[in-house]
Amino acid sequence: MLGITFLCLFSVSFSSVAFAEQRPKIGVVLGGGGAKGAAHIGVLKALEDLHIPVDYIAGTSMGAYVGGLYATGMSADEIEALLTSVDWDRGYQDRVMRSDRRVREKQQEDRYQVTSELGFGFWELKAPRGIVQGQTMGEILRSTSGNLPVFDSFDDMVIPYRAVATDIENLQPVVLDKGDLAEVMQASMSIPGLLPPKELNDKLLVDGGITDNLPIEVVRNMGADIIIAVDISNEFKKRDELSNYFAVMDQLTDFMVRDNADRQIALLSDTDFLIRPNIRGIKTADFARMPLAFESGYVEVMAMADELAHLGRSTWFQQYIDNKQKRRRQLVPLDELVVDEIRLQNNSSYADDVLLDRLQLEAGQVISSEELGESVRSLYALDRFERVDYRIEQIEGDNVILLDVREKSWGPNFIDFRFALEDDFENSTDYSFGVAFNVTGLSRAGAEWRTELEYGSDKRIGTGLYLPLVKDHDWFSLISAEYKSTDYNIPLFGEEPALEDIDFFLPATYTDTVFDASFGWQPTLWQEFRIGMRYLSGETEVLGFPELGLEKRRSQIGYIRYSLDTLDDIMLPKQGNLLELELAASDDSSRLDGVEYEDFSVHMDINWKGALTYGDHTFMGKAEYGRVSSDFDLRLDPKELGGFLNLSGIPKNSLSGNNKIFTAAIYRYNLMEQDFGLFKSSVFFGGSLEYGGVYNSSDLSFKDVPLYTAGSLYSGLTTPVGPLILAYGRTEQSNHAFYVFFGGAL
């Protein structure tokens, strides 16, 4: 009886193998084409509906991505849900968001808003190898592909898989058959110029579409009997479409891609199938039209259902699905692994313990993809690294996360720029040009030296040394020196500045040299406490009145400063708050015409700005309070009002005094937004209500302080160097002005 049972089981097993062997092996080839690659998912969905199994899969660029996901065992429906939910535009924006930066760096970027990503050395400028470095794109690829460990062979995937990239040094196609899936996908998708080459296996790899956009021969060599190739190459442009430089360059690129694809298509036999979905009009970066591309791929295959019918049988497909699900269960993603070791490959000037402390990861437990991704983003937010990559490997039986931290290759010294302009078309034009040189990597803890040069309505030279005191950067010291020349308007009549007297003033130039030393604590990215000493030595010259003489000023100031900053943007915020509070005590002296005055002053300065957005409507508020309590009115550091959103309707900084009260409620409506890929530009309009004033005597009661009402209407658009705004402002007493504002804050 046992013999009969064994014989029956053997017969069933043998017949199953023989049955599977009778089925032809089907290989699918997916070509490159950016957003048009959604057509591949439609093709795979149709093959599933026709019960056609896929035994091998290979692709180039977006085809490598879709093919890689399918090779992990995902269904076409699962891939479609992923692809249409991903913000692909974000993949081409690596810049660390303002809200993710440390307070000190936020302040630097707010003033030097034109971030060039240029490096410098002795007598040379250096630039990155790509417009973006692929950090965000790598994060997208890794999270959507399941964060799987490294494969010794892609034959071990649920469906055997290959990706094709281009060796940019030798301009030869490279077939990628093992390694980290996300890295391989990115190598195949790295568009030259836009993304830097991906270094794998001692080769610099870029988009495979340059040399082999439709890797038919690759799938044939994997063992496929029948090939289904999906070509989504662009059609050539007609004469009337070649109207500009970009169109001509696109035509040349399309020719290069189509030429190598046609050579591969010529290898197809009579039993193979070529599918060309109708994706005309869908551009490479039209990610919003991916559902249309999906539908085109599905429709094209279903139109060929009769021709493909012999490739699909229910019994074959059920066996295929059972085997696919079994192999998929054998893949273990990061979220199910106990991580035995975290190993750092440090290619930066930072000490290992500084980086590991920043990551805040512990071995010996399960680390979720979300947790690991957040740690990597936290480290990358230091904005000193070209890439922070990781992979999961099994080394001698242990699950190891290998973290590769690479410093910016065009560093470690960087240049940023500043540009700001405000003109009221009548009384004043204020402008500023600036350049900042940041020297990083001065110590293993991350010390930096920054020098800033500015020229314009005001002049300034500043230099400062940032010294982290401990490895986690929570504690630090700052030492700085600054020389600046600033113009102020001193009221000509009376002690207190008044709106009716804005045309009657003495123009004065304050020339100051300032030394500052402080210790700070930053418990979070958005908070900073500092305590320090500041020494100021300066002169005041009233222009056009040499008989008034030159005032010599000196102040020794001790201060405590607190900053909280969660704003997403300093100029046009949509969310968050900025609060700055400084309490100071100063020993002051002033000498004029041989007479010296000495005073002791107590200072309080509070600045707040906040924003909240509902849909296209943004509501913003700001408030400023500055007060100096002293015996003498020495006017050592005047506060100013005037200009757009700073008591709109009067010339910029036309009111000045020792003390200041100001508040504003601002509304902004986002009319439209245009996505240019590397940056977005929005058109907006809005208005403001403003109330405030400046005064000198600290003895004035609130009801006696000269406070004025103002308002504005404005419209503008955002640009890579800052907003461009046209505005009209009006104050009480019928003061009014038109403004043009461009760039950063003045």
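Quick caveat, the model's predicted, so the values are computed rather than measured.

*Asks:* Is there a simple way to think about the domain arrangement of the protein chain in this case?
*Replies:* Interfaces are often described in size by the accessible area the parts lose on coming together. Its domain assignment divides the protein chain into domain 1 (26–91 + 149–326), domain 2 (334–407) and domain 3 (413–743). Tallying the contact residues gives eleven residues for domain 2 and twelve residues for domain 3. Both sides of the domain 2 and domain 3 interface together cover about 970 Å² of buried area, and 48% of this is carbon and sulfur. Run the count over domain 2 and domain 3 and you get one salt bridge. The salt bridge involving glutamate 448 is made with arginine 384; its shortest N-O contact spans 2.8 Å. Joining domain 2 to domain 3, the criterion identifies four residue pairs in polar contact (both at pLDDT 80 or more). The element contributing the most residues to the side of domain 2 that touches domain 3 is helix 13 (residues 352–359), with five residues. Tallied by class, residues from the side of domain 2 that touches domain 3 come to three nonpolar, three polar and five charged.

*Asks:* Help me understand the nonpolar core, please; the structure alone is not making it clear to me.
*Replies:* Here is a general trend for soluble globular proteins: nonpolar side chains tend to be buried in one another's company. Ranked by internal contacts, the top residues of the largest apolar core, which has 72 residues, are Leu47, Ile57, Tyr65, Trp88, Tyr161 and Ile228. Beyond its immediate chain neighbours, meaning those up to four positions away, tyrosine 161 contacts Ile57, Ala64, Gly67, Gly68, Ala71, Phe154, Leu181, Met185 and Met222.

*Asks:* Sorry if this is basic, but what is going on with empty space enclosed by the protein here?
*Replies:* Empty space among the atoms can be located by rolling a probe the size of a water molecule over them. For the coordinates displayed, the defined rule picks out seven cavities of 30 Å³ or more. Taken as a whole, the second largest cavity encloses approximately 220 Å³ of empty space. Every residue lining the second largest cavity is counted, 17 residues in all, and those nearest its centre are Arg95, Arg101, Asp383, Arg384 and Asp416. Looking at the lining of the second largest cavity, the elements with two or more residues in it are helix 5 (103–111), strand 3 (114–121) and strand 16 (413–423). The residue makeup of the lining of the second largest cavity, split by class, is four nonpolar, three polar and ten charged.

*Asks:* Which parts of the structure should I look at to understand the environment of valine 230?
*Replies:* For valine 230, the location among the structural elements is in strand 9 (residues 226–230). Valine 230 gets classed as buried once you look at its relative accessible area, which sits at 0%. In sequence terms valine 230 and serine 712 are 482 residues apart; their C-alpha atoms lie 57 Å from each other. Sequence-distant contacts of valine 230, defined by excluding residues within four places in its chain, comprise Val29, Leu30, Gly31, His40, Val43, Leu214, Ile275 and Pro277.

*Asks:* Would you take a moment to explain the sheet that holds strand 14 (residues 385–395) for this structure?
*Replies:* Across a sheet, strands are paired by hydrogen bonds formed along the backbone, either parallel or antiparallel in direction. Taken together, the three strands give an open sheet; going across it, the order is 12-15-14, and neighbouring strands pair in mixed fashion. Whereas interior strands pair on both sides, the edge strands pair on one side only; in this sheet they are strand 12 (341–347) and strand 14. This sheet shows a mean twist of 20 degrees between the axes of neighbouring strands, independent of strand direction. Where strand 14 and strand 15 (residues 398–407) come together, ten bridges link them in antiparallel fashion. By the bridge assignment, aspartate 389 is partnered in strand 15 with aspartate 404. Most of the contacts of helix 13 go to strand 12, to which it runs at about 130 degrees, and overall it touches strand 12, strand 14 and strand 15. Lying over the sheet, helix 14 (residues 369–380) contacts strand 14 and strand 15, oriented at roughly 150 degrees with respect to strand 14.

*Asks:* I tried to follow helix 2 (residues 38–49) on my own but got confused; where do I start?
*Replies:* Three or four residues apart is the spacing at which side chains of an α-helix point the same way, because the helix has 3.6 residues per turn. Taking 1.5 Å per residue as the helical rise, helix 2 with its twelve residues ought to reach 16 Å, and the 17 Å between its terminal C-alpha atoms agrees with that figure. Burial in helix 2 covers these residues: Ala38, Ala39, His40, Ile41, Gly42, Val43, Leu44, Lys45, Ala46, Leu47 and Glu48. Histidine 51 occupies a position one or two residues after helix 2 and carries a positive phi of about 60 degrees.

*Asks:* Teacher, can you tell me more about the confidence of the model for the protein chain here?
*Replies:* Low-pLDDT stretches of the model should not have their predicted coordinates read in fine detail. Confidence along the protein chain averages 88 in pLDDT terms, with 92% of residues attaining 70 or more. With pLDDT under 50 throughout, residues 1–20 is counted as low confidence; its partners more than four residues away or in other chains account for four contacts.

*Asks:* Which parts of the structure should I look at to understand helix 7 (residues 181–189)?
*Replies:* With respect to burial, helix 7 is a largely interior element, nine of its nine residues being buried. Within the span of helix 7, buried status applies to Leu181, Ala182, Glu183, Val184, Met185, Gln186, Ala187, Ser188 and Met189. Near the N-terminus of helix 7, the side chain that reaches the backbone nitrogen of alanine 182, with its oxygen 3.3 Å away, is that of aspartate 180.

*Asks:* Could you clarify how one ought to interpret the pairing of strand 8 (residues 203–207) in this entry?
*Replies:* A regular strand places its side chains so that they alternate between the two faces of the sheet. Relative to strand 8, strand 5 (residues 161–167) runs antiparallel, the two being bridged by three bridges. Looking at strand 8, one finds that threonine 166 is bridged to valine 206. When strand 7 (residues 198–200) meets strand 8, the two strands line up antiparallel, connected through three bridges. By the bridge assignment for strand 8, glutamate 199 is matched with leucine 204. The antiparallel hairpin formed by strand 7 and strand 8 contains two residues in its connecting segment, where asparagine 201 sits at a positive phi of about 50 degrees.

*Asks:* So what exactly am I meant to see when it comes to the pattern of salt bridges here?
*Replies:* Close approach of charged atoms allows side chains with opposite charge to pair. In this structure the tally under the stated criterion is 49 salt bridges. The salt bridge partner of glutamate 139 is arginine 377, with a shortest N-O separation of 2.5 Å. One end of the pair, glutamate 139, is in helix 6 (residues 135–144); the other, arginine 377, is in helix 14, with 238 residues separating them in the sequence. Overall, the relative accessible area of 23% leaves glutamate 139 in the partly exposed class. Exposure remark for arginine 377: the relative accessible area of 34% places this residue in the partly exposed category. With a closest N to O distance of 3.0 Å, aspartate 516 and arginine 534 form a salt bridge. Of this pair, aspartate 516 sits in strand 21 (residues 505–521) while arginine 534 sits in strand 22 (residues 527–542), placing them 18 residues apart in sequence. As far as the burial class goes, aspartate 516 and arginine 534 line up, both buried.

*Asks:* Got a minute to help me understand the UniProt feature "active site" (unreviewed entry) in the protein chain in this structure?
*Replies:* Per the UniProt record, "active site" (unreviewed entry) is found at Ser61 and Asp207. These annotated residues cover 147 residues of sequence, and their C-alpha atoms lie no more than 6.0 Å from one another, placing them together at a single site. On the secondary structure map, serine 61 appears in the loop between strand 2 (56–60) and helix 3 (62–71). Other than its neighbours up to four places away in sequence, serine 61 contacts Gly32, Ser188, Met189 and Asp207. Note that aspartate 207 resides in strand 8. Residues contacting aspartate 207, with those up to four places away along its chain left out, are Thr60, Ser61, Thr166, Ala187, Ser188, Met189, Ser190, Ile191 and Pro192.

Cut-offs and rules
- Residues numbered from 1 in each chain as written.
- Predicted model: local features only at pLDDT ≥ 70, side-chain atom pairs only at ≥ 80, totals over all residues.
- Heavy atoms only, no water.
- Domains from an automatic or database assignment.
- Contact = heavy atoms within 4.5 Å.
- Buried area = accessible area lost by both parts, 1.4 Å probe.
- Salt bridge = Lys/Arg side-chain N within 4 Å of Asp/Glu carboxyl O.
- Polar contact = N/O pair within 3.5 Å; in protein donor to acceptor, adjacent residues only side chain to side chain.
- Helix = DSSP H or I, 4+ residues; strand = E, 2+ residues; numbered from the N terminus.
- Nonpolar A, V, L, I, M, F, W, Y, C, P; charged D, E, K, R; others polar.
- Core = buried A, V, L, I, M, F, W, Y, C linked by side-chain atoms within 4.5 Å.
- Buried < 20%, exposed > 50% of the residue type's maximum accessible area, 1.4 Å probe, protein only.
- 1 Å grid on protein atoms, 1.4 Å probe; cavity = no way out; pocket = protein on both sides within 12 Å on 5 of 7 lines; lining within 4 Å.
- Points joined across faces, edges and corners; volume = space filled by probe spheres on them.
- Pairing = 2+ DSSP bridges.
- Axes fitted to C-alpha atoms, helices over the stretch in contact; angles between N-to-C directions.
- Expected span 1.5 Å × (residues − 1).
- pLDDT = per-residue confidence, 0-100.
- UniProt positions renumbered as here; feature names shortened; annotations may be inferred.

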